[in-house]
Amino acid sequence: MAVDTFLLLALAMCRLIVTVGLTVVPTELLHVELAGQLSVDTSEVEAASVDFGMLSKGEPPLAVVHPVSAEDVAQVVKAAYDGGFTVSARGHGHSINGQALMKERSRGRRGVVIEMVKGHGGDGGGPPPPLVSEKGKYVDVWGGELWIEVLRATLEHGLAPMSWTDYLYLSVGGTLSNAGISGQTFNYGPQISNVLELDVVTGKGEVLTCSEDGNSELFHGVLGGLGQFGIITRARIALQPAPHRVRWIRVLYSNFSTFCKDQEFLISLQGKHASQRFDYVEGFVIVDEGLINNWRSSFFSPSNPVKITSLNAHGDVLYCLEITKDYHQGNADSIDEEIEALLKKLDFIQTSVFTTDVPYVDFLDRVHKAELKLRSKGLWDVPHPWLNLFVPKSRIKDFDKGVFKGILGNSTSGPILIYPMNKHKWDHRSSAVTPEEEMFYLVAFLRSALDTEALEYLTKQNRQILRFCQDSEIKVKQYMPHYTTQQEWMDHFGDKWTHFQALKMQFDPRRILATGQQIFQFDEPYTDDMICSKTANSDLEGQQWKHIK
Ligand code: FAD
């Protein structure tokens, strides 16, 4: 009998401590009665040890759990809480630096991965499908639901969420643990600003419903909380009527100041009537000599490539503003006029207007098309040394000079996105961290490394960029942050750190959740009796870790 089959049989029938080679499935886990599945299949365990970044391997988990309900998740977390092993919720594994992987073995703990993304329903069927309330204008979705499925389900009712990511094959729980940003963020805020309610399994295995009005501390903490306080099993997401089509426009700039002035002007139109603003504002930097097409979005047809040289740019850095206007049958007649009026206020290179018109779904799902192309060439599953930074508006020109026109040289190995956002659209009570200024830019270096040499080069360049910011006192914040020391995390969270740490103590006192983020690590190995001590009337801020001997 194959080892895995033996294990599964043992798990299902005997509930014994199962030891095969070095794999020991914790006793507490064996007592869990799941409606979903638990697997120790080697290929599943291997798959749960890598992520999109492919920069490092995680520890192979002891088992991979496929839950079908919040109760399944709660039982596993409770078993981990009692048994001293760790739990990593894994969305679609599209992190870069092992955030959804296990990273604790060296500290004497191993753990299980909970695969939140659907597809492996047990006897009880899969997790619940999206449930749309047309009247309430919201959808309730499973935490592991992919955004593409959220879109498909809501469109059946003529509705859609307001705020997106550029790529929709990401899980709801995964993006809400970060922020979820795209070109709509200036108008609606990040995805975490558009959530009405959550069900969360805390690090103690309790299932809590939370919102602005109830368990609000958990609600705000979990949003942007990097998976530290609980596992999101249900999110209630606000909806609005969905447009039918999208007019998608790109214009070019050779002057960075003008490019920024126009982007900042466009996002200042947030809150205006839809006819007086664009619906999406992004942009990218063109350092390479190549085409302005890139893998992120196939905008131009291959038969009509746009050469930078044709724009007489003399090899200088160019900046591309990307904007869209949504429309439906009711306002199709006025769309051209509205766009013309807005474009007149911008100062781009007049010969560089590129326009296309696509169905709403095709626009939102644009990156997936590029993914399929790259996959077919074997260029998707390669290391991705990405770096995502929020740069304060007051220093973006210094960043341009030092990085785009300096450190990068003329080869970037992938798209570089740049677009501004406004802090007041981010709820300051969430755990997400942004620079102090009201306006800041996302700068995303989305690189692919095709060989070891390229990986080393790009990793070194990322370090150079961070060092440049530090030396020039440009107070950037990392988006989807990656740090390895607690001091760096403290600096990252700044004045949110004390509260963040206190929430950890309250909701995940045994530090069993999302260890791949490497936020709460201590020099000493974890022991079962390491618990949080809370004095009766101390507020969250006053708590400290305590070892009970
Ligand atoms: P995972 O990588 O699986 O998990 C990320 C973290 O969230 C882990 O710590 C994990 O433990 C935790 N987690 C996962 N599920 C849950 C849950 N249910 N409850 C609590 N914690 C959970 N981001 C943007 O904001 N905008 C973009 O436009 C964008 N585009 C992207 C395009 C591509 C091609 C890729 C690869 C990534 C992109 N991202 C973007 C980044 C993406 O949002 C994050 O990497 C996100 O974490 C990925 O979601 P995931 O489901 O794969 O999460």
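Residues numbered from 1 in each chain as written. Predicted model: local features only at pLDDT ≥ 70, side-chain atom pairs only at ≥ 80, totals over all residues. Heavy atoms only, no water.

**Re the site of the ligand**
Among the 33 residues in the neighbourhood of the ligand, the closest are listed as Gly-91, Ser-95, Asp-166, Ser-171 and Tyr-479. Within the backbone of Gly-91, one N or O atom sits 2.7 Å away from an oxygen atom of the ligand. Within the side chain of Gln-517, an N or O atom sits 2.9 Å from an oxygen atom of the ligand. For the ligand, whose unbound accessible area comes to 950 Å², protein coverage reaches 96%. Its atoms largely coinciding with the cavity grid, the ligand occupies the largest cavity. (Near = heavy atom within 4 Å. Polar contact = N/O pair within 3.5 Å; in protein donor to acceptor, adjacent residues only side chain to side chain. Areas by Shrake-Rupley, 256 points an atom, 1.4 Å probe, with all protein chains shown as cover. 1 Å grid on protein atoms, 1.4 Å probe; cavity = no way out; pocket = protein on both sides within 12 Å on 5 of 7 lines; lining within 4 Å. Sits in = over half its atoms within 2 Å of the grid points.)

**What about the sheet that holds strand β17 (residues 387–392)?**
Spatially, eight strands are ordered β16-β13-β15-β14-β18-β19-β17-β20 in an open sheet, and the strand pairing comes out antiparallel. For this open sheet the edge positions go to β16 (354–359) and β20 (477–478), each flanked by a neighbour on one side alone. Across two bridges, strand β14 (residues 280–286) lies against strand β18 (residues 416–422) in antiparallel orientation. Bridged to Phe-284 within β18 is Leu-417. (Pairing = 2+ DSSP bridges. Helix = DSSP H or I, 4+ residues; strand = E, 2+ residues; numbered from the N terminus.)

**As for empty space enclosed by the protein**
All chains considered together, the criterion is met by seven cavities of 30 Å³ or more. In this structure, the largest cavity occupies an estimated 940 Å³ of space. Together, 49 residues line the largest cavity, and His-94, Leu-170, Gly-174, Asn-178 and Met-480 are the ones closest to its centre. Of all the secondary-structure elements, those providing two or more residues to the lining of the largest cavity are β5 (86–90), α6 (172–176), β12 (230–241), β18 and β19 (439–445). Considered class by class, the residues forming the lining of the largest cavity number 26 nonpolar, 20 polar and three charged. (Points joined across faces, edges and corners; volume = space filled by probe spheres on them. Nonpolar A, V, L, I, M, F, W, Y, C, P; charged D, E, K, R; others polar.)

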